[in-house]
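Report on the structure
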Amino acid sequence: PGLAEALEALPKVELHCHVEGTMRPATVSDLAAANEVDLPVADPTELYRYDSLDGFLRVFWLVQSVLVTQGDWARLAYESAVDGAAHGLVYRESFFTPARHLAAGRTLAEVVAGLDEGLAAAEAETGVRVALILDFDRDFGAAAAEETVDALLALRRAGATGVERVVGVGYDSTEIGQEPGWYAEAFRRAGAAGLRRTAHQGEDSGPEAIAACVDLLGAERIDHGLSILEDPDVTSRFVDDQIALTVCPSSNIRIANAFPTLAEHVFPEMRHRGLLATLNTDDPALTDLDLGREYRAVASAFGWGWDTMVDIALDGVAACWLPDDGKAVLR
Ligand code: ADE
Ligand code: ZN
């Protein structure tokens, strides 16, 4: 087989993917109808054109708004995992962002139980495994993040269904008018409870904000981290400590408009500098993408062959949060 088929079949790990961003367009339409959510268009894919991160987020929030019941979350999670498995996904640490559901009076318990139900079904069917990262939405502010982490810790104490699947916390959403340090308390509470920590940064902000995530939030990974190369000291620190970046090159073209074309993305420079830069899709259903396609697109844009792409896949394993014996199985 050619390289394209081989990359599709290559067992892959993904560390930066939002479960809401995997929602099939047909599921967006179905759930909108079932829950009486008005979409501005009949075909949701008509909305999937972005000129900025904040423009994208308006669509992302609309997609989130069609999720109402526990069963909706279960369907989303099931489809998300089987769709990933169809393109070689074997293990994912998947974000979910419950802020708008909690603000609407729904509980974290139903969101987590629904996700767990769908993921367990997909795992039984395909063998793919999915852990969860609870993302704070910066649009809702630091107090909401603290409340959310407290709600998660209460579910852990109660032994709630599916809560053991949540292995870490992060934050996502807008970077405009935000400072990492505002979220220090939420991340501190999570870290003290043994949860892993990551942070979306440097998609729409500079390298000083990336460093602040490590210093002030205890972040062990950075999601995107696009601006890191602008600061040689921050770059050296990430190289020396092998702090991972979960990079999403095609997303950065389509969502953040960070580079005119994939060939101009800094991903090769990041890896060349020795950064632990992994490859991920971010929001595949909202950007006409899947993980197999992302591997093929990157190989083609940068002229990389099989060995380089396998190295990239293995770096995903290195940067994941499984214990060492779990990582060994994936290698
Ligand atoms: N939520 C979903 N995708 C995101 C992204 N690329 N950046 C910030 N928040 C997000
Ligand atoms: Zn993201």
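Quick caveat, the model's predicted, so the values are computed rather than measured.

Below, the discussion takes up the overall build of the protein chain. Helix and strand content of the protein chain: 15 helices and eight strands. A compact globule built from 331 residues should have a C-alpha radius of gyration of about 20 Å, and the protein chain, at 18 Å, falls within 12% of that. Along the first, second and third principal axes, the C-alpha atoms of the protein chain reach 45 × 45 × 40 Å. Out of the 331 residues in the protein chain, the part that is buried amounts to 51%. Residue pairs at least 24 apart in sequence account for 75% of intrachain contacts in the protein chain once pairs closer than 6 positions are excluded.

With that settled, the discussion passes to the pairing of strand β3 (residues 129-137). The buried count for β3 comes to nine of nine residues, which makes it a mostly enclosed element. On β3, burial covers both faces: Arg129, Ala131, Ile133, Asp135 and Asp137 on one face and Val130, Leu132, Leu134 and Phe136 on the other are all buried. The pairing of strand β2 (residues 89-96) with β3 spans six bridges and is classified as parallel. Along β3, the bridge assignment pairs phenylalanine 96 with leucine 134. For β3 and strand β4 (residues 166-172), the ladder comprises six bridges, and the chain directions are parallel. Residue pairing for β4: phenylalanine 136 is matched across the bridge by tyrosine 171.

If you check the shell around ligand 1, you find His18, Gly21, Leu53, Phe60, Asp172, Ser173, His200, Glu203, Ser251, Ile255, Asp282 and Asp283 and nothing else. Partitioned by chemical class, the residues of the shell around ligand 1 number three nonpolar, five polar and four charged.

With that settled, the discussion passes to the sheet that holds β4. Spatially, eight strands are ordered β1-β2-β3-β4-β5-β6-β7-β8 in an open sheet, and the strand pairing comes out parallel. Each edge of the sheet is formed by a strand with only one pairing partner; in this case those strands are β1 (12-18) and β8 (277-279). Averaged over all pairs of adjacent strands, the angle between strand axes in this sheet comes to 25°, irrespective of strand direction. Its contacts with the sheet place helix α9 (residues 207-217) against β5 (196-201) and β6 (221-224), and it is angled at close to 160° to β5. Those strands touched by helix α14 (residues 306-319) are β1, β6, β7 (244-247) and β8, and its axis lies near 65° from that of β1.

With 12 residues, helix α13 (residues 291-302) extends 17 Å from end C-alpha to end C-alpha; this agrees with the ideal 16 Å at 1.5 Å per step. Taken residue by residue, α13 has Leu291, Gly292, Glu294, Tyr295, Val298 and Ala299 as its buried positions. Along the axis of α13, the buried positions cluster into a sector of 165°, meaning they face one direction only.

Moving on, we get to unusual backbone geometry. Here histidine 224, not a glycine, exhibits a phi torsion of approximately 85°, which is positive. For histidine 224, the location among the structural elements is in strand β6. Note on histidine 224: 29 C-beta atoms within 10 Å, which makes it buried. You will see that aspartate 282, though not glycine, has its phi angle at about 75°, which is positive. Tracing the backbone through its elements, the reader meets aspartate 282 in the loop between β8 and α13.

One can find valine 169 in strand β4. On a C-alpha basis, the gap between valine 169 and glycine 159 in space is 18 Å, while along the polypeptide they are 10 residues apart. The residues touching valine 169, leaving out its near neighbours within four places in the chain, are Ile133, Leu134, Phe136, Val149, Phe187, Ala190, Leu195 and Arg197.

In this section: the environment of phenylalanine 136. Note that phenylalanine 136 resides in strand β3. The exposure class of phenylalanine 136 is buried, given the 28 C-beta atoms found within 10 Å. With 51 residues separating them in the primary sequence, phenylalanine 136 and phenylalanine 187 have C-alpha atoms 9.9 Å apart.

This brings us to the pairing of β5. In terms of burial, β5 is largely enclosed, as six of its six residues are buried. The alternating pattern of β5 places Arg196, Thr198 and His200 on one face and Arg197, Ala199 and Gln201 on the opposite face, and all of these are buried. With two bridges joining them, β4 and β5 adopt parallel strand pairing. Considered in β5, the bridge of glycine 168 is made with arginine 196. This β-α-β element, β4 to helix α8 (residues 184-192) to β5, shows right-handed connectivity.

Conventions and cut-offs
- Residues numbered from 1 in each chain as written.
- Chains lettered and ligands numbered in written order.
- Predicted model: local features only at pLDDT ≥ 70, side-chain atom pairs only at ≥ 80, totals over all residues.
- Helix = DSSP H or I, 4+ residues; strand = E, 2+ residues; numbered from the N terminus.
- Rg over C-alpha atoms; globule rule 2.2 N^0.38 Å.
- Buried ≥ 20, exposed ≤ 12 C-beta atoms within 10 Å, placed from the backbone.
- Contact = placed C-beta atoms within 7 Å.
- Pairing = 2+ DSSP bridges.
- Near = placed C-beta within 6 Å.
- Nonpolar A, V, L, I, M, F, W, Y, C, P; charged D, E, K, R; others polar.
- Axes fitted to C-alpha atoms, helices over the stretch in contact; angles between N-to-C directions.
- Expected span 1.5 Å × (residues − 1).
- Arc of directions from axis to C-beta.
- Right-handed = clockwise from strand over helix to strand, strands pointing away.

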